[in-house]
Amino acid sequence: MAKSAGKPVAVTGLGMVTSLGIGIAENWRRLTAGHSGIHRITRFPIDGLRTTIAGSVDFMDDAPITIPSHSLVMADRAIAEALGQAGMLGEDFPGELFLAAPPVEHDWGSRHYLSARLDCGEKSPYSPGRPVAPPAPELEPYYEDFLNGTLAERMAEKYRVRGSPITLTTACASGATTIQLGVEAIRRGDSPAAIAIGTDGSINEETLIRFSLLSALSSKNEDPTKASRPFSKNRDGFVMAEGAAALVLEDPEHAKARGAVILGYVCGIGEAADTFHRTRSHPNGQAIIRSMQGAIDDAGLQPGDVGYINAHGTGTPENDKMEYFGIVNVFGAEGAKKVAVSSNKSMIGHSLTAAGAVEAAFTVLSLKHGLLPPTINYEMADPAIPLDVVPNTARKQQVKYALSNSFGFGGQNVSLVISAP
Amino acid sequence: MGREVWITGYGLLSPLGDNPAAWWDALAAPSLWRSKVDAETYAPFPIHPIRDYRLEQQVPKHGDQRAMGPLMQYGAYAAGLALDMAGIKGNQELLQQTHLVAASPGGERDWDLDRQILAKLDQVDDRGAFLNQQLSDGLRPTLFLAQLPNLFAGNISIIHGVAGSSRTFMGEEAAGVDAVRVALRRCAAGQGDIFLVGAAYSAMRPDLHQQYHAGGIMLTGQWQPLWHRPEAGLILGSSGAFVVIEARERAERRGAKPRARLVAIESERCARAPGAAAKVAEGELARLMPQIKAGALAVLSGASGRGSITAEEREFLAGVAGDTGLPVRGTAAALGHAMESAFLQNLVLAVAALERGRLFPPLDPAEPLEAEYTGKLGQVLVTSWGHLKGEGMGLVEAIDG
C-alpha cells in the first residue's frame, strides 16, 4: 500500500433514473442488454435545430417541465431508492447531502410569463427604468423554485440529512465530485455517512442550442439510438441526456455495525484542474493523467490492479482521443491494451451534471455482478484508439478494481477507484 | 479540531474599491459610500455596483478578459489579489498544490437578445420555431462559457494557473459559507494544505432582479438603512472576494505571512419558521463560544436587508450584545447584499480589520447594535443569515490575539 492510501468508504445504497428507465434494476437490465435510451425530442419543437435527439427522461409524469422541477423529481426518486436499499429511509440520516445540479435559470416559458406579469407599460422587459408591477403571492414559485439552493434544501428537509446541504457543479465531473466530497467528509470523521447525488433535467431548447453552438453535440439524427458512438472513428459528438443517481456512502464499520449490505467501496479519489482552455484539455493530458493516477495512488494500488475503466467516453472527437492518451500514459501501452474500457454514454447519452454519479453507480454494479456493460454502436474502430471497449455486447468478467472517469468543460477532472464488495 | 489554519492572503473587489485603504476610507465616510449607490441604471431597483477597476491588472490577456462577463471578472480579479498577497501567484509548484473552492451563481445572459425575443414572442404564430431560430442565430457560442458556474472556477484555474482540485458550490448565501467551511475542514484534516476560497456576485442582473422581485424581496426606490428595512429590503451589491487559507505548518515552511487565524466555521439549515433561524444561530454561537475570548470582539453581519429575517438577526444580536456593547456592523448597508459572496466579503473585511487592529465606525449610528468601538480588535465573528435559507457563522482572530 502506498503511504498516501486513503480509507475505503462503503457504498450501501444506490438509486437511479436515466433515459433507460426508473430504478436500478430496470437500468441495469437495459444497460447490460445494450439498449439505447436516445430518441427524438418531443419536449419542445425541433424546427430548424441541428440536433434533434436526446436522452431526455420523459416518463416522470411531471409537467410543465422546468430545469429545477425536473431535476428535483428525478433526484427525489433516486434518493428514495438509495436510502431504501441502505435501510435508512424514514429516519434521521446520519450525514450530509452533497448534490450536483445544473445551474438554474428561468426557462423561456417562465421568463415569458414573469416578464408579462411584472413589466408594465410600453417599455420592453429588462429595460432599465421600466415600471414594475408589484409582486403577487402566485409569483413566488418563480422566485423560490429557481434559486440554486432550493433543490438541495428540499431534499435535505425531506430526507432529514444533517447540516447545511451542499449544491455543487464541476460541469461534467459534478456527479463524481459529490462522491469525492462525501468520501472526504466520512474519512475525516465529520459523520459516518453521506448522500452523494447528481441530477440533471436540463434539456430545453436553449441548453440544447448552447451545446450545439459549441459544436459539442452529435448531429446523427437519422437513427437516434445509433448517434452516440464513443471511441468509434465516426463519432461526431455527445448526445445530451438527463438522469439522476444517488449513492449512500458509509463508513465501513458503521455499515457493518448496523448490518447493512455493502455493495462496493469507493477506495480512491483523484482530481486535477486543467489550466489550459475552457473547452479543451491541455495537449499534454497532464490534468487527466494526474486525476487517474491520483485516484489509483489514493487507493494504494498500481495501474495493473485496475481491470476495468468506466470511461468518461463522451463520443466527442476530442474527449475520446485525450482519454485514450491519458490511459496510455497511466497504464502504459501494454497495460492500456489489457484493461477493459467501456462508455455507458453510448447507451444513456451524456447526463452532464448527473453523469459522474450515474456512472459510478453503474461501476459499482459492474463489479458486484461481474458483468461489464458494453460500448454500443461500435462498428468502426478508430485505429488511433486501440482499446478493448467491450464492443456492443456486455461481457462476463470478474474485476476487483475499476476506475470511473469524469472530465468536465472548464478543466475539472475527477477519477474514482471503485472496488467490489 | 485538527491542524491550525491561517489566512495568508485575501482579495476583495467591491463597490468601495479593491484595497484595504480604500475600503477603510469609504467605510468611515457615509457620504462617500452612500454616493456609490446607483438608483438609476436598474430602476426601480437600486444597486451597489462595482466601477472603475482595471481588469488588466489581474487578467492581462485580452482573450481571458473577453471570455468572462462581470461576475467572473470580479472573481478572477479578487482571486488574483489574494494569490498575490499570499505570495503564490506565478509560483507553479505552489499553484499545482492549491485547491480551489468557489461559490458562484450562474453568469450573465445576453440581455439584448432576451429583450428582442420577449418583445416579439407574443406576436409570432409558431413560438417554438421562432425561439429556435432566434436562439440559434442570436446566441454567441462563447456566451455559454461565461454562464456556466463551474467556469467561474475554470477561468480562475486558467488565468492564474490554480491546478489542484476545483469545486464550485451553488446556492445563494449558504454556498459561500459552506465553501469556506469545507475548505477549512479539509485543510484542518490534512486533505490539502493550501486552498483558494472565494465567491463573486454581480448586481447588474435584470433577470435576477425580476426573479427576486417575484418573491417580494427587492427594495424599490431609494436606499434605506439596513436594519429596519421592509420585507422587500434587498439592495444587491457586486462583489468578488477571495481568501487563501493554509495549514500553519505549510505557511511557516514557505515563510508566508499570516494575516489571521481561521478558527471555525459553522453552518446549518432550518425550516425558517419565525424564530427558527435564531435558534440555529444560538446553537452555532454556543459551539463557537469556547473559542471566543472576552472583549476585543466585533461582529460583521451578513444581514441581507430582507425585513423579517434581518429583524430576527437584529434581535438575536441585541440579545447577545446585552450590556457588553458588542459592536456589530451590517456591511450590506454600505456594500449591498452580495448573496454567494456576502460571507466571503465579510470574512475579508474581518481579516483586514484584524490586521489593523481596529474596527470601522458604525454604518448605522442610529441603530444601538452598531456601537462605536475604538478598542483593539482581537476576534471577529462573521455571520450569514441567508435571505431565504442558510445560517452560518465564522470566527477569525488576530495572530497575536
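(A) Region of the structure containing the overall build of chain B. When you go through chain B residue by residue, the secondary structure sums to 16 helices and twelve strands. Taking 2.2 N^0.38 as the reference for a compact globule, 401 residues should give roughly 21 Å; the C-alpha atoms of chain B span a radius of gyration of 21 Å, in line with that estimate. Principal-axis analysis of the C-alpha atoms gives chain B an extent of 70 × 50 × 40 Å. Put simply, chain B has 401 residues, and 60% of those count as buried. Taking contacts inside chain B between residues at least 6 apart in sequence as the whole, the part at least 24 apart equals 80%.

(B) Representation of the overall build of chain A. Of regular secondary structure, chain A possesses twelve helices and 15 strands. Here chain A has a C-alpha radius of gyration of 21 Å; the compact-globule value for 421 residues is 22 Å, and the two agree. Principal axes of the C-alpha set define a box for chain A whose edges measure 70 × 50 × 40 Å. Residue burial in chain A is summarised as follows: out of 421 residues, 64% are buried. A separation threshold of at least 6 residues defines the contact pool for chain A, and within that pool the share at least 24 residues apart is 79%.

(C) Region of interest: the pairing of strand β7 (residues 193-200) of chain A. All names here are of chain A. Counting buried positions over the eight residues of β7 gives eight, a clear majority of the element. Both faces of β7 are covered, namely the face carrying Ala-193, Ile-195, Ile-197 and Thr-199 and the face carrying Ala-194, Ala-196, Gly-198 and Asp-200. In this structure, strand β5 (residues 95-100) lies alongside β7, joined through six bridges in parallel fashion. Among the inter-strand pairings, Leu-97 is bridged to a residue of β7, identified as Ile-195.

(D) Representation of the domain arrangement of chain A. The domain boundaries assigned to chain A delineate domain 1 (11-105 + 146-412) and domain 2 (111-143). Using only C-alpha atoms to locate each centre, domain 1 of chain A and domain 2 of chain A end up separated by 38 Å.

(E) Looking closely at the interface of chain B and chain A. Counting residues at the interface gives 67 residues for chain B, matched by 64 residues for chain A. In the side of chain B that touches chain A, the residues fall into 33 nonpolar, 23 polar and eleven charged. The sheet contact formed by strand β6 (residues 166-169) of chain A and strand β4 (residues 166-170) of chain B spans three bridges and is antiparallel. Opposite A:Thr169, over in β4(B), you have B:Thr168 as the bridge partner.

(F) Broad picture of helix α3 (residues 108-118) of chain A. Of the residues making up α3(A), those classed as buried are A:Trp108, A:Ser110, A:Arg111, A:Leu114, A:Ser115 and A:Leu118. Down the axis of α3(A), the sector holding all buried residues measures 155°, keeping them to one side. Buried residues in α3(A) make contact with α4 (140-144) and α7 (205-213) of chain A together with α6 (111-121), α7 (127-138) and α11 (206-214) of chain B.

(G) The arrangement of the confidence of the model for chain B in detail. On average, residues of chain B score 95 in pLDDT, and 99% of them reach the 70 mark or higher. For this predicted complex, the interface confidence reaches an ipTM of 0.97, while the overall pTM sits at 0.97.

(H) Layout of the nonpolar core. By size, the foremost hydrophobic cluster in this structure holds 281 residues, and its most contacted members are A:Ile197, A:Leu247, A:Leu249, B:Ala82 and B:Ile245. Residue assignment places this core across two domains, with domain 1 (11-105 + 146-412) and domain 2 (111-143) of chain A each supplying three or more. In this view, B:Ile245 contacts B:Val5, B:Trp6, B:Ile7, B:Ala183, B:Leu184, B:Cys187, B:Phe195, B:Val197 and B:Leu262; residues no more than four positions away in its chain are not counted.

(I) Expanded view of the environment of A:Arg210. Relative to the elements of secondary structure, A:Arg210 occurs in helix α7. Using a count of 20 C-beta atoms within 10 Å as the deciding quantity, one classes A:Arg210 as buried. Excluding anything up to four places from it in sequence, A:Arg210 contacts B:Leu139 and B:Phe144.

(J) Here's a closer look at the environment of B:Gly240. Residue and element names in this part refer to chain B. Mapping Gly-240 onto the fold places it in strand β7 (residues 239-247). Taking the number of C-beta atoms within 10 Å as the measure of exposure, Gly-240 has 35 and is therefore buried. In this structure, the C-alpha to C-alpha distance between Gly-240 and Arg-358, residues 118 residues apart in sequence, is 23 Å. For Gly-240, the residues in contact, after removing those within four places along its chain, are Leu-13, Tyr-74, Gly-75, Tyr-77, Ala-78, Ala-200 and Ser-341.

(K) Local environment of α7(A). Counting buried residues along α7(A), eight of its nine residues qualify, which places the element largely inside the surrounding structure. Every buried residue of α7(A) is listed here: A:Glu205, A:Glu206, A:Thr207, A:Leu208, A:Ile209, A:Arg210, A:Phe211 and A:Ser212.

(L) Quick look at the packing of helix α6 (residues 174-187) of chain A against helix α12 (residues 355-369) of chain A. Residue and element names in this part refer to chain A. Two elements in contact, α6 and α12, have axes separated by 4 Å at closest approach and are oriented at 70°. Taken together, the axis directions place α6 and α12 in an arrangement best described as roughly perpendicular. Across the interface between the two elements, Ser-174, Gly-175, Ala-176, Thr-177, Thr-178 and Ile-179 from α6 touch Ala-355, Gly-356, Ala-357, Val-358 and Ala-360 from α12. A breakdown of the residues in the contact of α6 with α12 according to their chemical character gives six nonpolar, five polar and no charged.

(M) Spotlight on the environment of A:Ser71. Residues and elements named next belong to chain A. Along the chain, Ser-71 falls in helix α2 (residues 67-86). Residue classification places Ser-71 among the buried positions, given that 27 C-beta atoms sit within 10 Å. Measuring from C-alpha to C-alpha, the distance between Ser-71 and Glu-271 comes to 26 Å, with 200 residues separating the pair along the chain.

(N) Focus on unusual backbone geometry. In this chain, A:Ala63 is followed by A:Pro64 through a cis amide linkage whose omega measures -5°. Looking at where A:Pro64 falls in the secondary structure, it is placed in the loop between β4 (53-54) and α2. Following B:Ala43, the chain continues into B:Pro44 via a peptide bond in cis, with omega recorded as 15°. Looking at the secondary structure, you find B:Pro44 in the loop between α2 (30-35) and β2 (47-48). Look at A:Arg160: it is not a glycine, yet its phi comes out positive at around 55°. If you check the backbone angles, B:Arg272 has positive phi at about 50° while not being a glycine.

(O) Geometry of the pairing of strand β11 (residues 379-385) of chain B. Residue and element names in this part refer to chain B. For β11, the tally of buried residues reaches seven of seven residues, placing the bulk of the element in the interior. What you see with β11 is no split at all: Gln-379, Leu-381, Thr-383 and Trp-385 on one side and Val-380, Val-382 and Ser-384 on the other are buried throughout. Here strand β9 (residues 297-301) pairs with β11 via four bridges, running parallel. Bridge pairing in β11 places Leu-297 opposite Gln-379. Pairing of β11 with strand β12 (residues 391-397) involves seven bridges; the strand directions are antiparallel. Pairing of Gln-379 across the sheet is with Glu-397, part of β12.

What counts and how
- Residues numbered from 1 in each chain as written.
- Chains lettered and ligands numbered in written order.
- Predicted model: local features only at pLDDT ≥ 70, side-chain atom pairs only at ≥ 80, totals over all residues.
- Helix = DSSP H or I, 4+ residues; strand = E, 2+ residues; numbered from the N terminus.
- Rg over C-alpha atoms; globule rule 2.2 N^0.38 Å.
- Buried ≥ 20, exposed ≤ 12 C-beta atoms within 10 Å, placed from the backbone.
- Contact = placed C-beta atoms within 7 Å.
- Pairing = 2+ DSSP bridges.
- Domains from an automatic or database assignment.
- Nonpolar A, V, L, I, M, F, W, Y, C, P; charged D, E, K, R; others polar.
- Arc of directions from axis to C-beta.
- pLDDT = per-residue confidence, 0-100.
- Core = buried A, V, L, I, M, F, W, Y, C linked by C-beta atoms within 7 Å.
- Axes fitted to C-alpha atoms, helices over the stretch in contact; angles between N-to-C directions.
- Parallel < 35°, antiparallel > 145°, perpendicular 65-115°, else oblique.

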